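Descriptive structure summary
What follows is each chain in one-letter form.
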Amino acid sequence: MGLRLRVDGDVVRGEVTFDRRQQGAPGIAHGGAVTTVLDDAVASLLVVLETPAVTANIHVDFRAPTLLHHPMTVEARATGRDGRKLHLTARLLDERATVVAEAQALFLAVDLEHFAKGGEALPEAWSGWGANAPG
Ligand SMILES: CCCCCCCC/C=C\CCCCCCCC(=O)SCCNC(=O)CCNC(=O)[C@H](O)C(C)(C)COP(=O)(O)OP(=O)(O)OC[C@H]1O[C@@H](n2cnc3c(N)ncnc32)[C@H](O)[C@@H]1OP(=O)(O)O
């Protein structure tokens, strides 16, 4: 779906245009695909937060149909931290800046070893990730 995300201060912003590969109802993106974009956007905040973490839960409100072939923007920000618990939020907006979906996610900070459970080598860029993390 060509999601592009960038860090802008303490916010993550990005653009995405859904196509037929993410179709649910005719002409409309599947809610699971929308959720993936929101989850990816909040996960990118982990760079800003300098904290390795994983999604524990994500709640999505679908406010309006997310139309295929229409460029959407996504923005994500952190709303709070309580020990290992990171409270993150994201919104998906259409070209008219109407919020079509929004998410509240709980991420839990983990050691980098958590990701080694997949049996794959971790990216070199991740070495030292979390070394300065609070909590
Ligand atoms: C220079 C640096 C450059 C770095 C570049 C970085 C790039 C960054 C971008 C991205 C890459 C990184 C990749 C991010 C990932 C993307 C997002 C995903 O798709 S993640 C995949 C889906 N999620 C999982 O697979 C989790 C599976 N679940 C687990 O592994 C565990 O359940 C885990 C770790 C979430 C929690 O397990 P526990 O054993 O550590 O913790 P417990 O003791 O169960 O809970 C601790 C506290 O949290 C609450 N809690 C746990 N799970 C909860 C839940 N689901 N809902 C509500 N509360 C929950 C508990 O009630 C407890 O709370 P009380 O301390 O008692 O207050």
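Conventions used here
Position numbers for residues start from 1 in each chain and track the written sequence from start to end. This being a predicted model, a pLDDT of at least 70 is required before a residue's local features are given, and a value of 80 or more before pairs of side-chain atoms are given or counted; all residues contribute to the totals for chains, interfaces and linings. Calculation of side-chain values draws on the structure's entire complement of heavy atoms; hydrogens and water are dropped beforehand. Residue proximity to a molecule or strand is established when one non-hydrogen atom of the residue lies within 4 Å of it. Whenever two N or O atoms come within 3.5 Å, that pair is a polar contact, provided that in protein one can donate a hydrogen and the other can accept it, and provided that, for residues adjacent in sequence, both atoms are side-chain atoms. Each helix is a run of H or I in the DSSP string that is no shorter than four residues. Each strand is a run of E no shorter than two, and both are numbered from the N terminus. Residue polarity follows a fixed list, in which Ala, Val, Leu, Ile, Met, Phe, Trp, Tyr, Cys and Pro are nonpolar, Asp, Glu, Lys and Arg are charged, and the others, Gly among them, are polar. The nonpolar core is taken to be a set of buried Ala, Val, Leu, Ile, Met, Phe, Trp, Tyr and Cys residues, with the residues joined through side-chain atoms within 4.5 Å. Think of it in three bands: with a 1.4 Å probe and only protein chains considered, a residue is buried below 20% of the maximum accessible area for its type, exposed above 50%, and partly exposed in between. Contacts between residues were defined by any pair of non-hydrogen atoms, one from each residue, lying within 4.5 Å. Two strands pair if DSSP finds at least two bridges between them. The convention used is that axes are lines fitted to C-alpha atoms, helices contributing only their stretch in contact, and that angles between N-to-C directions extend from 0 to 180 degrees. One number per residue, pLDDT, summarises how confident the predictor is, and it ranges from 0 to 100. Working definition: rings of Phe, Tyr and Trp (its six-membered ring) pair if their centres are within 6.5 Å, and the pair is stacked with planes under 30 degrees apart, edge-to-face with planes over 60 apart, and tilted otherwise.

**What to know about the site of the ligand**
The environment of the ligand is formed by 17 residues, the closest being Thr55, Ala56, Asn57, Arg84 and Lys85. Between the ligand and the protein, one listed contact pairs a nitrogen atom with a backbone N or O atom of Thr55 at 3.0 Å. In this structure, Lys85 approaches the ligand through a side-chain N or O atom, which is 2.7 Å from an oxygen atom. Among the secondary structure elements, those contributing two or more residues to the shell around the ligand are α1 (31-49), β3 (53-62) and β6 (99-109). The dominant element in the shell around the ligand, judged by the number of residues it contributes, is β3, at five residues. Here the shell around the ligand is composed, by residue class, of eleven nonpolar, three polar and three charged.

**Looking at the nonpolar core**
Looking at soluble globular proteins, one finds that nonpolar side chains tend to be buried together. By size, the foremost hydrophobic cluster in this structure holds 29 residues, and its most contacted members are Phe18, Val34, Leu38, Val42, Ala76, Leu92 and Phe107. For this core, the secondary structure elements donating two or more residues are β2 (11-16), α1, β3, β4 (72-82), β5 (85-93) and β6. With eight residues, the top contributor of residues to this core is α1. Discounting residues that sit within four places of it in the chain, Leu38 has contacts with Ile58, Val60, Val74, Ala90, Arg91, Leu92, Ala101, Glu102 and Ala103.

**Looking at the sheet that holds β5**
The antiparallel open sheet is built from six strands, whose spatial order is β1-β2-β4-β5-β6-β3. Because the sheet does not close on itself, it has two edges, and the strands there are β1 (4-8) and β3. Averaged over all neighbouring strand pairs, the angle between strand axes comes to 20 degrees, with direction disregarded. Judged from the six bridges that link them, β2 and β4 form a sheet pairing that is antiparallel. Paired with Val12 across the bridge in β4 is Ala76. Of the strands in this sheet, β1, β2, β3, β4, β5 and β6 touch α1, which is tilted by about 130 degrees from β5.

**Here we look at the confidence of the model for the chain**
Put simply, the chain has an average pLDDT of 96, and 99% of its residues get 70 or more. Here the complex is predicted with pTM 0.95, and the ipTM for its interfaces comes to 0.94.

**Brief notes about the packing of aromatic side chains**
Think of a pair of aromatic rings as described by two things: how far the centres are apart, and how the planes are tilted against each other in angle. Counted under the stated rule, the structure contains three aromatic pairs. With 5.2 Å between their ring centres and 75 degrees between their planes, Phe115 and Trp126 make a pair best called edge-to-face. Within this pair, whereas Phe115 is found in helix α2 (residues 113-116), its partner Trp126 is found in the segment after α2, the two being separated by eleven residues in sequence. Here Phe115 falls in the partly exposed class, since its relative accessible area comes to 22%. Overall, the relative accessible area of 28% leaves Trp126 in the partly exposed class. Note on Trp126 and Trp129: the rings are 4.9 Å apart at their centroids and 65 degrees apart in plane angle, and the pair reads as edge-to-face. Members of the aromatic cluster, each reached through a chain of ring pairs, are Phe115, Trp126 and Trp129.

**Overview of the environment of Glu75**
Along the chain, Glu75 turns up in strand β4. Spatially, the C-alpha atoms of Glu75 and Asp8 are 9.7 Å apart, while their sequence positions differ by 67 residues. Once you skip the residues sitting within four places of it in the chain, Glu75 turns out to touch Val11, Val12, Arg13, Thr89, Ala90, Arg91 and Leu93. Engagement of the side chain of Glu75 in a polar contact is seen with the side chain of Arg13, the distance being 3.4 Å. A polar side-chain atom of Glu75 sits 2.8 Å from a polar atom in the side chain of Arg91.

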